[in-house]
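So you can see what is in the structure, the chains are spelled out below.
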Amino acid sequence: MTEAIYHALKFDTAHCSGCMSCARICPTQAVRVRRGHAVMLADRCIDCGECFKVCLKGAVLSLTDSIADLSKFAYKVAVPSPALYTEFDLDVTPGTILEALKLCGFDDAVSMSASCGSTTVATELFFSEFRGQYPLISSFCPSVVRLIQVKYPDLVDQLMPILPPREVAAKEIKAQKVVETGLPPESIAVVYITPCPAKMVAIASHPGIEASYFDSAVSIRDLFQLLAAAVAKVRETGRPPAESESSKGLTWAYLGGVPRMVPAENSLCVAGLPNVIRILDDIEKGRLRGYAFVECHGCPEGCVSGALTVENPYVARARAIRLTQSFGEGPPTERSKVEALYRQKFYHVKAHPGARPLKPLDSDISRAIAKMKERDRIVALLPGIDCGACGAPSCEAFAEDVVLGQAEESSCVFVRQRQVADLVDKLSDLIGARPQDELAKGARK
Amino acid sequence: MSQDEFERVYEITGRDFTNAGRVSTGIKDILKGMGIRPEIVRRVAIASYEAEMNMVMYSHGGTLTLRVSPSDVTMQVVDKGPGIQDVALAMQEGYSTATQEMREMGFGAGMGLPNIKKNADVFEIVSAVGTGTSLMIQVHIG
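## Description of the sheet that holds strand E11 (residues 293-297) of chain A
Residues and elements named next belong to chain A.
So, point 1. Pairing in this open sheet of three strands is parallel, and the strands run E7-E11-E10 from one edge to the other. Unpaired on one side and paired on the other, strand E7 (136-137) and strand E10 (267-271) mark the two borders of the sheet.
So, point 2. Two strands pair when backbone bridges link them, and E10 and E11 are joined in this way by five bridges, in the parallel orientation. In the sheet register, alanine 271 faces E11, and the bridge partner there is histidine 297.
So, point 3. Each of E10 and E11 is contacted by helix H10 (residues 273-284), which is oriented at about 140° to E10, the strand it contacts most.

Printed below as a string of structure tokens:
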């Protein structure tokens with residue numbers, strides 16, 4: 001009963017040279033090079049986009065929507081990730097960018113800052129009433145959620161069950177637009193302007209993944225050229241647009257910026273998947289019980305360094321901090337209203353993300369033990385230098401592939417070399433003389 | 001090692017804080033690869049981490065032998081000394097002989113051995129001053 005797992009990334013064989021860059025960088029070892037081309041192991045992929053970032057050949061495709069894909073909707077509203085504002089110089093204000101989006105084929109463009117405020121309050125409420133196992137782990141980065149489902153299944157119960165601000169925004173904006181336009185909900189597209197492919201997966205909703213309240217996602221990278229031209233047009237008018245952004249919304253997009261719902265000394269923030277993996281390892285060992293909250297971003301600087309952004313991530317982060325400082329808190333969040341909605345579970349995820357552990361070596365424990373022993377035997381034969389010539393990212397991953405019947409031991413060049421040498425020895429024995437003996441004789445002459 | 005048992009021996013060096021924690025990470029990966037239930041993996045992870053850290057902090061080093069059979073995960077932890085003076089006292093929650101330096105690194109809450117016992121189905125400890133300490137930690141898989 002294997003359900004096909006949808007991913008927002010795809011390899012384009014025509015452009016792939018089989019260079020192994022993506023296989024080496026993949027944090028979950030979800031890529032193999034087979035017959036000269038990268039192949040994805042769908043059950044391992046967490047859609048982080050590291051392969052997309054590293055590929056210089058353009059052989060990794062991100063399956064986000066294009067504006068043309070949205071033509072089936074009567075009304076389209078863009079909701080940008082705050083990361084979009086950091087893609088332009090600081091004199092291009094968020095208000096200008098929202099106006100420019102309306103020149104790119106959207107009927108409206110709305111900031112998610114109001115929803116960030118209500119999400120913060122909802123999260124505070126959740127913390128004040130939570131009595132389970134600490135630390136709680138942030139769930140706003142879909143790649144981190146998937147990493148936990150796949151590799152740390154025992155930690156799924158520690159994922160924050162409150163929706164991230166973007167989902168709250170989608171839910172609120174959809175309801176608002178239904179009232180405003182009088183159109184049925186299915187005719188209205190709430191479109192996320194996304195910095196990464198991971199957010200597309202939830203939108204293409206399928207089993208095992210929390211369905212998104214967005215109807216579509218368009219990547220910042222795909223939109224950038226069109227948007228930059230539109231920004232120039234808005235600025236030509238000379239009329240400064242209204243600014244609806246607030247510091248509350250902007251802080252969610254970068255490392256360490258997530259509003260402090262718990263005292264800072266009681267929380268950790270970590271970014272970049274290798275670092276997230278180290279922290280999750282420590283949580284699993286029971287090391288970090290003294291912390292209440294761990295903020296985890298899959299990308300090194302948070303969403304501002306997502307795979308589908310354009311700007312240098314450090315420039316983007318610096319801009320995000322400056323923008324946060326230059327905007328006020330915005331209109332205060334109506335706590336009583338949020339609390340009433342919170343009691344109705346408006347801010348809760350529909351279903352808690354369940355564990356989706358990687359397939360073990362075997363479903364039968366005795367056979368799994370035997371296969372683990374076999375894996376160790378093969379590892380001992382391998383050089384341990386992780387050269388990648390076999391198409392696997394490490395000798396250990398290769399040994400596992402062999403045990404699972406997905407690779408041949410002789411695909412390792414070192415094993416093959418030894419097999420050939422052994423064969424030469426055997427043949428020489430058959431003929432009755434070893435080549436080295438002949439050589440030695442020659443030398444003596 | 002019996003036919004259907006997996007075994008791996010890890011060497012642990014005393015005072016080697018830079019590598020501390022790697023053994024328990026390796027054990028977790030093996031158990032996950034065998035498809036052992038997440039809650040069992042977690043108990044073994046916590047017990048093995050505490051045992052590993054105890055050996056790094058307080059001993060002259062030793063070995064941790066992991067054995068996995070279809071019914072149990074067993075860890076035999078044997079160090080080369082100096083041994084524990086009063087085992088009953090060391091088993092009490094909150095009792096610790098950690099130095100200031102260890103406490104600065106976030107250890108020494110006196111929860112190590114009690115935590116191992118709490119997460120194990122079978123736990124044995126034998127210690128002799130001058131010789132060393134050995135632990136047997138077993139978690140049932142079933």
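## Observations concerning helix H5 (residues 112-119) of chain B
Residues and elements named next belong to chain B.
So, point 1. All of the buried residues in H5 are Gly112, Leu113, Ile116 and Asn119. Buried residues of H5, viewed axially, fall in a sector of 135°; they line one side.
So, point 2. Among the structural elements, helix H2 (38-58), helix H3 (87-90), strand E4 (122-128) and strand E5 (132-140) are those in contact with the buried residues of H5.

## Details of the pairing of strand E2 (residues 62-68) of chain B
Residues and elements named next belong to chain B.
So, point 1. By the bridge criterion, seven bridges tie strand E1 (residues 6-12) to E2 in an arrangement that is antiparallel. Directly across from glutamate 7, in E2, lies its bridge partner arginine 67.
So, point 2. Inspection of the sheet shows E2 paired to strand E3 (residues 72-79) by seven bridges, in the antiparallel sense. Pairing of glycine 62 across the sheet is with aspartate 79, part of E3.
So, point 3. Connecting E2 to the antiparallel partner E3 that follows it, the hairpin turn spans three residues.

## Some remarks on the confidence of the model for chain B
All names here are of chain B.
So, point 1. Of the residues in chain B, 99% have a pLDDT of 70 or more, and the chain-wide mean is 90.
So, point 2. Within chain B, the lowest mean pLDDT, 76, falls on helix H4 (residues 100-104), and the highest, 97, falls on E2.
So, point 3. Model confidence for the complex is summarised by a pTM of 0.91, with the ipTM given as 0.90.

## As for the environment of glutamate 87 of chain A
Residues and elements named next belong to chain A.
So, point 1. Here glutamate 87 shows up in the loop between strand E5 (75-80) and helix H3 (94-101).
So, point 2. By C-beta crowding, glutamate 87 is classed as buried, having 24 other C-beta atoms within 10 Å.
So, point 3. Separated by 343 residues in sequence, glutamate 87 and leucine 430 place their C-alpha atoms 71 Å apart.
So, point 4. Beyond its immediate chain neighbours, meaning those up to four positions away, glutamate 87 contacts Ile220, Phe224, Thr309, Val310, Glu311 and Ala316.

## A short note on the packing of helix H4 (residues 113-129) of chain A against helix H6 (residues 165-181) of chain A
When two helices pack together, their arrangement is captured by the angle between the axes and the distance separating the axes.
Residue and element names in this part refer to chain A.
So, point 1. Look at H4 against H6: their axes get within 8 Å of each other, and the N-to-C directions meet at 120°. Relative to H6, the element H4 lies oblique. The hand of the H4/H6 crossing is right-handed. Facing Ser115, Cys116, Ser118 and Thr119 of H4, the residues of H6 in contact are Pro165, Val168, Ala169 and Glu172.
So, point 2. A breakdown of the residues in the contact of H4 with H6 according to their chemical character gives four nonpolar, three polar and one charged.

## Considerations on the domain arrangement of chain A
Residue and element names in this part refer to chain A.
So, point 1. For chain A, the domain assignment lists domain 1 (9-62), domain 2 (67-343) and domain 3 (365-444).
So, point 2. For domain 1 versus domain 2, the distance between C-alpha centres works out to 26 Å.
So, point 3. On the domain 2 side, the residues contacting the twelve residues of domain 1 number 18 residues.
So, point 4. At three residues, the largest contribution of residues to the side of domain 1 that touches domain 2 is made by helix H2 (residues 50-54).
So, point 5. Of the residues in the side of domain 1 that touches domain 2, the class split is five nonpolar, three polar and four charged.

## Topic: the interface of chain B and chain A
So, point 1. Every contact between the two is made by 21 residues of chain B and, on the other side, 19 residues of chain A.
So, point 2. Residue assignment for the side of chain B that touches chain A shows that the elements contributing at least two residues are helix H1 (22-33) and H2 of chain B.
So, point 3. In terms of residue count, H2 of chain B provides more of the side of chain B that touches chain A than any other element does, seven residues in total.

Rules and cut-offs
Residues numbered from 1 in each chain as written. Chains lettered and ligands numbered in written order. Predicted model: local features only at pLDDT ≥ 70, side-chain atom pairs only at ≥ 80, totals over all residues. Pairing = 2+ DSSP bridges. Helix = DSSP H or I, 4+ residues; strand = E, 2+ residues; numbered from the N terminus. Contact = placed C-beta atoms within 7 Å. Axes fitted to C-alpha atoms, helices over the stretch in contact; angles between N-to-C directions. Buried ≥ 20, exposed ≤ 12 C-beta atoms within 10 Å, placed from the backbone. Arc of directions from axis to C-beta. pLDDT = per-residue confidence, 0-100. Parallel < 35°, antiparallel > 145°, perpendicular 65-115°, else oblique. Left-handed = near helix turned anticlockwise from the far one by under 90°. Nonpolar A, V, L, I, M, F, W, Y, C, P; charged D, E, K, R; others polar. Domains from an automatic or database assignment.

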